Amino acid sequence: MPLSIKQKTSRNTAHRLGVKLHVSCALDCCSLWPYKPATMQQVKTPSSNPSLAHSLPPLTLTRLAQEWLAEDTPHLDPAGVCVGTKEVEAKLLCKSPNSVLAGSPFFTAVFREVGCSVEWRYQDGERIGADAVTLTAVVKGPANCLLLGERPALNCLARASGIATRCSELRTSAAAVGWSGEVAGTRKTTPGFRLVEKYAMLVGGASTHRHDLSGMVMLKDNHVWASGSITEAVRAARAVCGFSSKVEVECQSVEEGSEAAAAGADIVMLDNFQPQELHAAAQRLKKDFPSILIEASGGVSPETLQQFCSPHIDVISLGCITQGCPVVDFSLKVIH
């Protein structure tokens, strides 16, 4: 008897947990496309998980804040003479309605370094109101110090909130068609800003994917060509990473995916497949290698995401989460 979408997704989840389910079924690829909408699911939002900021090491926050401040003011601050050290308050205003707030720990860390305090009206993961301008926080401190921290802090908040907002929208879009896999980012991040952007993905409800080259082995086409074959590349990588790291292989065809799975890869990335071809390839690989994870990547955009969702796809990664992502418009205005 054919499995329902819910049953198939549950089976895939069980395989990810290492549970072996013995299921015999005849799969019909045509029945999977188009992927029909299901009942709207509750989208995972980090506002229900306020501990995300606790994942940021305090020393790392301090180091980053110091680097950003040093970059912006490497020498004198002539404008600081104009305002002096009198105590002032400034309103943090959000001018992008319905945005998801993210990056407050970085914003606060910057102002802490210059002797200012921040009182937040919203928490990371919360959606800022629909008004054209919304008071989001109040910053207090010496005028010259507050203005020293203004731009580095706003840069973090605008970028992080933009990414979190996009991730939240992508999760909502995927849930609208009943897909419960992982929407993931990539390593296509801004140099020096990766921690901010990866944190923002979590706040928006997406998966960070690997944080860096040390986090997981991903064998791309260049690795395979340099090694001679997928099998040899997987063997060499596994000899180094052992049991503690997953191995993923970028594949351009079902045959390459089968070779990767047979060689011991944990994840097969089907790269730059058209949706129909993707679903057929993923179904075949899942049938032959039930415990393999399938990632879809390449050519996926917010507008086309739903076309790539199917019960046999576990992860969909999108470079547009960080590349070309709109920022949220924040400004800081001294109260006078």
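First things first, this report covers the structure right here in the doc. This is a predicted model, so every value here is computed, not measured. (Residues numbered from 1 in each chain as written. Predicted model: local features only at pLDDT ≥ 70, side-chain atom pairs only at ≥ 80, totals over all residues. Heavy atoms only, no water.)

Turning our eyes to something else, we now look at the packing of helix α2 (residues 58-72) against helix α4 (residues 104-113). Orientation of α2 relative to α4, taken along the N-to-C sense of each, is 65 degrees, at an axis distance of 9 Å. Relative to α4, the element α2 is oriented roughly perpendicular. As for how α2 packs across α4, the hand of that crossing is right-handed. Listed contacts from α4 to Leu61, Thr62, Leu64, Ala65, Gln66, Trp68 and Leu69 of α2 are Pro105, Phe106, Ala109, Val110 and Glu113. When the residues that make up the contact of α2 with α4 are grouped by side-chain class, the tally is 9 nonpolar, 2 polar and 1 charged. (Axes fitted to C-alpha atoms, helices over the stretch in contact; angles between N-to-C directions. Helix = DSSP H or I, 4+ residues; strand = E, 2+ residues; numbered from the N terminus. Parallel < 35°, antiparallel > 145°, perpendicular 65-115°, else oblique. Left-handed = near helix turned anticlockwise from the far one by under 90°. Contact = heavy atoms within 4.5 Å. Nonpolar A, V, L, I, M, F, W, Y, C, P; charged D, E, K, R; others polar.)

Now for the sheet that holds strand β2 (residues 117-120). One key point about sheets: their strands pair by backbone hydrogen bonds, in either a parallel or an antiparallel sense. Taken in spatial order, the 4 strands of this open sheet run β2-β3-β1-β10, and their pairing is antiparallel. Where the open sheet ends on each side, the last strands, each with one partner, are β2 and β10 (330-334). Across the sheet, the axes of successive neighbouring strands diverge by a mean angle of 25 degrees, strand direction being ignored. The pairing of strand β1 (residues 87-94) with strand β3 (residues 134-142) spans 8 bridges and is classified as antiparallel. Within β3, the residue paired with Lys91 across the bridge is Val138. Sheet strands touched by α4: β1, β2, β3 and β10. Its angle to β2, the strand with the most contacts, is close to 150 degrees. Of the strands in this sheet, β1, β2, β3 and β10 touch helix α5 (residues 143-176), which is tilted by about 160 degrees from β10. (Pairing = 2+ DSSP bridges.)

Interpretation in functional terms is not warranted from these geometric data alone.
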